[in-house]
Amino acid sequence: MGAIDDLTTELARLPGIGRKTALRLTYFLLKRTPEESRRLARAIETVVERVRECSRCGNLTESDPCGLCQDQRRDPRIICVVEDPADIGAIERTGEYRGQYHVLGGHLSPLDGVGPDELNIDALLRRLGGSGGGGQVDELIIATNPSVEGEATALYLQKLVRPQGVRVTRLARGLPVGGDLEYADGVTIAEALSGRREL
Amino acid sequence: MNAPPSLVCRELRLRQFRNFAELDLLFPRPGAAVIGPNGSGKTNLIEALYYLEIFRSFRGAADDQLVRFEGEAFHIRGRFEDPATGREVEVTAAYEKRRRKKVVTVDGAEPERLGDALGRIGVVVFSPSDVAIVAGAPGERRRFLDIVLSLNARGYLGALQRYRHTLRQRNALLRAGAPAAQIDAWTASLVDSGAVIMAERARWVAEHRAAFASRYERIGGEVAARLDYRPSVSGTESPESDFAGALQAELDRLAGRERERGLTLAGPHRDDLGFLRGGEEEGRDLRDFGSGGQQRTAAVSLRLVEAETIRAARGRAPLILLDDIFAELDPGRSRRLLELLEEEPGQAILTAPKASDLEVRHGALPRWRIASGQIVAAA
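Given the structure is predicted, the values throughout are model-derived calculations rather than measurements.

So, about helix α6 (residues 121–128) of chain A. In an α-helix, one turn spans 3.6 residues, which is why side chains three or four residues apart end up on the same side. Residues and elements named next belong to chain A. Restricting attention to buried positions, one finds in α6 the residues Ile 121, Ala 123, Leu 124, Arg 127 and Leu 128. Taken down its axis, α6 places every buried residue within 160° of arc, on the same side. Close packing links the buried residues of α6 with β3 (75–82), β4 (99–103), β5 (139–142) and α7 (148–161).

Printed below as a string of structure tokens:
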């Protein structure tokens, strides 16, 4: 195996990249100036060295605890539970949420060998009731994905934290804002109907 | 009976499908009768047409097997016309073996989900293999229900997909001996989706029981037979049952045994249908006690009920595909089935090994000959 093959194989492991694209990327990198390609290599190295999981919430961060956990202006009485760090970004962009977060690192999926032990659940329980400044959380918003796995994970968490006396809520499901009812899919409309509210 | 006529297939184009290298057919509006010896590709033609309805083989063959020997990919294109309005719809399906990739289009556009393209045409296939629905294992009957209801009952396909997915996850946990708290997290979704499936099945059987009995009586020329829904959860036979409550209670009751066996033991994946004799020996199961002729009569009756379901759900009659079904029926039953088919106004495309079998539409359908993957008008 030569160097070109090695790099192509590594690139082909990235999501959404097939063998052909990997080869094209490899030749592209070889065509650039060596400094440009080194900069990419260094950026990858730096990200791997510096970024890790926040020991408190599981978010990806360069400082531990992460910026969100350290932010004094955020309400420590509400925790929003998400599957992945990328979900935090989606919620933060709304500017509507001022509480804290907790990242599970996935969802329950027995077929893939993912059980509660594989998720960041113990740390969540510690934040809720255990030692270390816990016990002040009033509400847990479960924002796992609206998939079969996300629902099962939400339900599991809900039963698990019930004894702690914390209010547990789930994100609502329904119609996308600015969309046409006509073009929404049937399942979404059915969900929106059953979750309708009084005006 | 006064539903508008079916969509009619005007053009079918096959490439590398089964034994057809290249086939281009223009169909007359009433349909066609295709005559040819065994192994000439009659059923393959029917299979190709029905593929455009459910995007898989009605014989349960894998897509790989549908590609012609030594071929790379198959391609099916059908052009269908609504005779009432003259509007046309084009449905295509292609499958590439190497990449295991299936592409479906409706009027040139790929649907967001395959499910959105299902049942565009409205077709019923009558086939000799239908007897397995009556005489075979319960899985055959569930498959029949799942196809009919996925195509004709809103919400059924989604519930079925959710149910199967949840069932696999839950069974994996049971096999691994996981604690109850983890299993319960999946039970809710199993019960929700399972209740939708059970409710639709119970409703369908209740709505069509009388039609089934009368079709059976007319074709068989004997006393009626009965169609029953046999859910895995007792007490949920009627469409008014509390399906979710009953399924949840049954799963609670079986919790210990489920953990021993490592399997989900109640739910629609263990449902069945019953076909029961009337008259003498009333209530005996046709599966075990019916003659071959009675079992075939029940299977054909079921397909006629399916045609009625399509009419009711989509407001138009289905296109009728008849794959050599008269060979298996005695002359009396054949004649009475022919009479019933006259009440089905849709386009009829049928196959038979010899010309003498072709009395559908009073023998008025144009006759084509099929031999080794080629079809020509009969002299």
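On we go from here.
Here the focus is the domain arrangement of chain A. Annotation of chain A at the domain level lists domain 1 (3–50) and domain 2 (75–170). Each of domain 1 of chain A and domain 2 of chain A was reduced to a C-alpha centroid, and the two centroids are 35 Å apart.

Our next topic: the interface of chain B and chain A. Between chain B and chain A, the residue contacts involve 15 residues of the former and twelve residues of the latter. With both chains or domains summed, chain B and chain A bury close to 1200 Å², and 71% of this area falls on carbon and sulfur atoms. Where chain B meets chain A, there are four residue pairs in polar contact (both at pLDDT 80 or more). Secondary structure elements with two or more residues in the side of chain B that touches chain A: α6 (156–175) and α7 (180–220) of chain B. Here the residues of the side of chain B that touches chain A are counted per class, giving six nonpolar, five polar and four charged.

Cis geometry marks the peptide bond from Asp 64 of chain A to Pro 65 of chain A; its omega dihedral reads -5°. For Pro 65 of chain A, the location among the structural elements is in the loop between β2 (60–61) and α4 (67–70). Within the chain, Glu 70 of chain B stands out as a residue other than glycine whose phi angle is a positive 70°. The exposed category is assigned to Glu 70 of chain B, whose relative accessible area is 70%.

Our focus in this paragraph is the packing of aromatic side chains. Given two aromatic rings, one states the distance between the centres and the angle between the planes to describe the pair. Residues and elements named next belong to chain B. Following the criterion strictly, the structure yields nine aromatic pairs over all chains and no others. Note on Phe 144 and Trp 204: the rings are 5.9 Å apart at their centroids and 65° apart in plane angle, and the pair reads as edge-to-face. Linking Phe 144 in helix α5 (residues 138–152) with Trp 204 in helix α7, this pair joins segments that are 60 residues apart in sequence. Through a chain of ring-to-ring contacts, three or more aromatic side chains come together here, namely Phe 17, Tyr 51, Phe 74 and Tyr 95. A cation over an aromatic ring shows up here: Arg 284 above the ring of Phe 289, its NZ or CZ 3.7 Å from the ring centre.

Parameters and conventions
- Residues numbered from 1 in each chain as written.
- Chains lettered and ligands numbered in written order.
- Predicted model: local features only at pLDDT ≥ 70, side-chain atom pairs only at ≥ 80, totals over all residues.
- Heavy atoms only, no water.
- Buried < 20%, exposed > 50% of the residue type's maximum accessible area, 1.4 Å probe, protein only.
- Helix = DSSP H or I, 4+ residues; strand = E, 2+ residues; numbered from the N terminus.
- Arc of directions from axis to C-beta.
- Contact = heavy atoms within 4.5 Å.
- Domains from an automatic or database assignment.
- Buried area = accessible area lost by both parts, 1.4 Å probe.
- Polar contact = N/O pair within 3.5 Å; in protein donor to acceptor, adjacent residues only side chain to side chain.
- Nonpolar A, V, L, I, M, F, W, Y, C, P; charged D, E, K, R; others polar.
- Phe/Tyr/Trp six-rings, centres within 6.5 Å; stacked < 30°, edge-to-face > 60°.
- Lys NZ or Arg CZ within 6 Å of the ring centre and 35° of its normal.

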